[in-house]
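Each chain is listed here by its residues.
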Amino acid sequence: MGFETKTIRIAMNGITGRMGYRQHLLRSILPIRDAGGLTLEDGTRVQVEPILVGRNEAKIRELAELHKVSEWTTDLDAVINNPTIDVVFDASMTSLRAATLKKAMSAGKHIFTEKPTAETLEEAIELARIGKEAGVTAGVVHDKLYLPGLVKLRRLVDEGFFGRILSIRGEFGYWVFEGDVQAAQRPSWNYRKEDGGGMTTDMFCHWNYVLEGIIGQVKSVNAKTATHIPARWDEAGTEYAATADDASYGIFELETPAGDPVIGQINSSWAVRVYRDELVEFQIDGTHGSAVAGLNKCVAQQRAHTPKPVWNPDLPVTESFRSQWQEVPANAELDNGFKLQWEEFLRDVVAGREHRFGLLSAARGVQLAELGLQSNDERRTVDIPEITL
C-alpha cells in the first residue's frame, strides 16, 4: 500500500529581493522541492511547487529559467485569485504587504510572510482578525529563533542553566555603504521613511519575538533612534535624503513566565563596524551563569568557573577572557533556520492547524516598533499593553 502524496502550490511574491531570493527561494523552497518534499508522521509525502511573482518581468523570467521553475507571473492579483494556489508568500516592500495579505486571506489562501506585516499596529491587528475569521494557516517569519546559536541559548534557559535571569543584551548591525563609491548592500527604500524604511520598524519586530521566545513578555520600551548617515545614493547612483532612522538603541523591561523581572538592551545599527564574532550577538547573564550566542555559536560560563578579575588600569590585561568560556554543543543537526520554519509551516498547513508564530505575534512586533518610535519622540519609557482581538 503506497502512501498519499500532496502537492502545495506556493505563490512567492517579491522573490527578486535579497531575502526573498536567497533565504526563501534558494535556501528553503528549492531544497525542499529538490529533495522530493517532506514526509509527514503518517507517511504522507508533501511536495512543493513554487510560482514566482514579481514586478520585473525580465528578472522573474530569468530566475524561473535558472532554477527550472515552470510558472512565473507579474500579475499578483491573478495568482491570488487562482483556485489552484494554496499558499501566498510575501517578501515585497513593507508598504505593500498588508494589502497583499488581506487579499490573499480573503481569497482563502494560507499565508507565509516576512515582517513587519504592516506599517501600523491597527493594520497588523486587522490582519490577525482577518486570518482568524478566514480560518487559514498564517505564518510569519521568526527565523532567528531557528538559528543554531539561539536554539542553544533557549536550551540553556529551558535547562535552568542561568538560575534567575538578570539581563539580556544584544548587539546587531554592520556598515551599510552609502552607495556613492561602493554600492550599498541594502535597498535604498530601507532608508526612506515614506517607503516604510527604518531600523526601528525593520528590527524591533524581530527583537520582540526573540525576547518573547527566549526570555518572556516585553513590558516596556525606551528607545533612542538616529539617522547617522543623512545622505545616501540609490540603485541608479542618484543621491537622496535618508529620512528613516539607520540606528535604534533600545532598553526593554521583560518578565519571565515565573514573573521575574529582566532588563533587556539591544543596539541596532547600519552605521557600525563589526568587532564581534558574528553580525548579531546576545548575552544573557544570570545568578548561576552567563552565555553569549550569535547566529551559529554559543558559549557559556558557569558560576563555579567564573574568574575573579581585579580592576587595575595601570597594568596591561594578561588573562584571555574569551578563552574562559566553554562552547555549547548543538547535539543535533541544525538546518537553515528559514527552511526549518518553512517545513514546520507546511506541516501545519497540511494538518489544518495554526502556526505557532502567526499574525498576533507579528502584531506585537509592530506594536513594539511603533511604541519604540513613540518613546523616542516623547523621550520617555512607554508601557506595552496586551493586544486582544
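Structure: above.
Let me begin by describing the structure that accompanies this report. Sequence order sets the numbering: in each chain, residues are counted from 1 along the sequence as written. At least 70 in pLDDT is required for a residue's local features to be given in this predicted model, at least 80 for side-chain atom pairs to be given and counted, and no such filter applies to totals for whole chains, interfaces and linings, which use all residues. Hydrogens are left out, water is left out, and the side-chain values use all remaining heavy atoms of the structure.

Some details on the overall build of the protein
Phase 1: Strands here are runs of E lasting at least two residues and helices are runs of H or I lasting at least four, both read from the DSSP assignment and numbered beginning at the N terminus. Secondary structure summary: the protein contains nine helices and 18 strands in total.
Phase 2: A compact globule built from 389 residues would reach a C-alpha radius of gyration of about 21 Å, and the protein, at 22 Å, matches this within 12%.
Phase 3: Considered along the principal axes of its C-alpha atoms, the protein spans approximately 70 × 60 × 40 Å.
Phase 4: Taking all 389 residues of the protein together, the buried fraction comes to 52%. It is over C-alpha atoms that the radius of gyration is taken, and the globule rule equals 2.2 Å times the number of residues to the power 0.38. Residue exposure (1.4 Å probe, protein chains only): buried if accessible area is under 20% of the type maximum, exposed if over 50%, otherwise partly exposed.

Focus: unusual backbone geometry
Phase 1: Going from lysine 115 to proline 116, the amide bond is cis rather than trans, its omega being -10 degrees.
Phase 2: Structurally, the position occupied by proline 116 is in the loop between strand S6 (110-113) and helix H5 (121-134).
Phase 3: Phi at asparagine 331 is positive, roughly 60 degrees, even though this residue is not glycine.
Phase 4: The residue asparagine 331 is located in the loop between strand S17 (326-327) and helix H8 (337-351) in this model.

Some remarks on the packing of helix H6 (residues 148-158) against helix H7 (residues 199-214)
Phase 1: Structural elements are reduced to axes, namely lines fitted to C-alpha atoms, with helices fitted over the stretch in contact, and the angle between N-to-C directions of any two is expressed from 0 to 180 degrees. Relative orientation of the contacting elements H6 and H7 amounts to 35 degrees, with a least axis distance of 9 Å. The residues of H7 that touch H6, namely those facing Leu150, Leu153, Arg154 and Val157, are Val210, Gly213 and Ile214.
Phase 2: Residue type decides the class: Asp, Glu, Lys and Arg count as charged, Ala, Val, Leu, Ile, Met, Phe, Trp, Tyr, Cys and Pro as nonpolar, and the leftover types, Gly among them, as polar. Considered class by class, the residues forming the contact of H6 with H7 number five nonpolar, one polar and one charged. Throughout, a contact is declared for two residues whenever any of their heavy atoms are within 4.5 Å.

Considering the sheet that holds strand S8 (residues 165-173)
Phase 1: Any two strands are treated as partners once DSSP identifies two or more bridges connecting them. Overall, mixed pairing links the nine strands, which are arranged S17-S16-S15-S14-S8-S13-S12-S9-S18 in an open sheet. Since the sheet does not close on itself, it has two edges, and those belong to S17 and strand S18 (382-383), each with one partner.
Phase 2: Two strands pair when backbone bridges link them, and strand S12 (residues 247-255) and strand S13 (residues 261-269) are joined in this way by nine bridges, in the antiparallel orientation. Across the sheet, the residue bridging to leucine 254 is valine 262, located in S13.
Phase 3: On top of the sheet, helix H9 (residues 359-378) reaches strand S9 (217-226), S12 and S18; it is set at about 50 degrees to S9, its chief contact.

Some details on the packing of aromatic side chains
Phase 1: Between the rings of Phe, Tyr and Trp (Trp by its six-membered ring), a pair exists once the centres lie within 6.5 Å; its type follows the angle of the planes, with under 30 degrees stacked, over 60 edge-to-face, and the other angles tilted. This structure, assessed with the given rule, holds twelve aromatic pairs.
Phase 2: Pairing phenylalanine 112 with tryptophan 342 gives two aromatic rings, centres 4.3 Å apart and planes at 50 degrees, and the pair type is tilted. Taken together, the residues span a long stretch of sequence, with phenylalanine 112 in strand S6 and tryptophan 342 in helix H8 at a distance of 230 residues.
Phase 3: Ring centres 5.2 Å apart and planes at 85 degrees place the aromatic pair phenylalanine 161 and phenylalanine 162 in the edge-to-face group. Across the pair, exposure class does not vary: phenylalanine 161 and phenylalanine 162 are buried alike.
Phase 4: What links up through ring pairs into an aromatic cluster is the set Phe89, Phe112, Trp342 and Phe345.
Phase 5: The ring of tyrosine 191 is capped by arginine 232, whose NZ or CZ atom sits 4.1 Å from the centre of that ring. Comment: the charge-over-ring label is applied if NZ (Lys) or CZ (Arg) is within 6 Å of the ring centre and within 35 degrees of the ring normal.

Observations concerning the pairing of S12
Phase 1: In terms of strand pairing, S9 meets S12 through nine bridges, oriented antiparallel. Considered in S12, the bridge of valine 218 is made with leucine 254.

Examining the pattern of salt bridges
Phase 1: One speaks of a salt bridge when a side-chain nitrogen belonging to Lys or Arg is within 4 Å of a carboxyl oxygen belonging to Asp or Glu. Within the structure shown, the criterion is met by 25 salt bridges.
Phase 2: Measuring nitrogen to oxygen at the nearest pair gives 2.7 Å for the salt bridge that ties glutamate 71 to arginine 9. Placement of the pair is glutamate 71 in strand S4 (residues 71-73) and arginine 9 in strand S1 (residues 5-13), with a sequence separation of 62 residues.
Phase 3: Here glutamate 71 falls in the partly exposed class, since its relative accessible area comes to 29%.
Phase 4: Several salt bridges converge on common partners, so that one network encompasses Glu114, Lys115, Asp143 and Lys144.

Considerations on the packing of H7 against H9
Phase 1: In contact at an axis separation of 8 Å, H7 and H9 are set at 125 degrees when each is read in the N-to-C sense. As the angle between them shows, H7 and H9 are arranged oblique. Relative to H9, the crossing made by H7 is right-handed. Residue-level inspection shows Thr200, Thr201, Phe204, Cys205, Asn208, Tyr209 and Glu212 of H7 in contact with H9, the latter providing Ser361, Arg364, Gly365, Val366, Leu368, Ala369, Gly372 and Leu373. Here roughly perpendicular refers to angles of 65 to 115 degrees, roughly parallel to angles under 35, roughly antiparallel to angles over 145, and oblique to all remaining angles. Crossings are assigned a handedness: left-handed for a near helix turned anticlockwise from the far helix by less than a right angle, right-handed for a clockwise turn.

Re the pairing of strand S5 (residues 87-90)
Phase 1: Here S5 shows two buried faces, one formed by Val87 and Phe89 and the other by Val88 and Asp90.
Phase 2: Where S1 meets S5, four bridges bridge the pair, whose relative direction is parallel. Across the sheet, alanine 11 pairs through a bridge with valine 88, a residue of S5.

Here's the deal with the environment of aspartate 348
Phase 1: Inspection of the secondary structure puts aspartate 348 in helix H8.
Phase 2: The exposure class assigned to aspartate 348 is buried, which follows from its relative accessible area of 6%.
Phase 3: In this structure, aspartate 348 is in contact with Thr137, Arg353, Glu354, His355 and Arg356, ignoring residues within four places of it in sequence.
Phase 4: Any pair of N or O atoms that falls within 3.5 Å is considered a polar contact. Within protein, one atom must be able to donate a hydrogen and the other to accept it, and sequence-neighbouring residues count only if both atoms are side-chain atoms. Polar side-chain contacts of aspartate 348 include one of 2.5 Å to the side chain of arginine 353.

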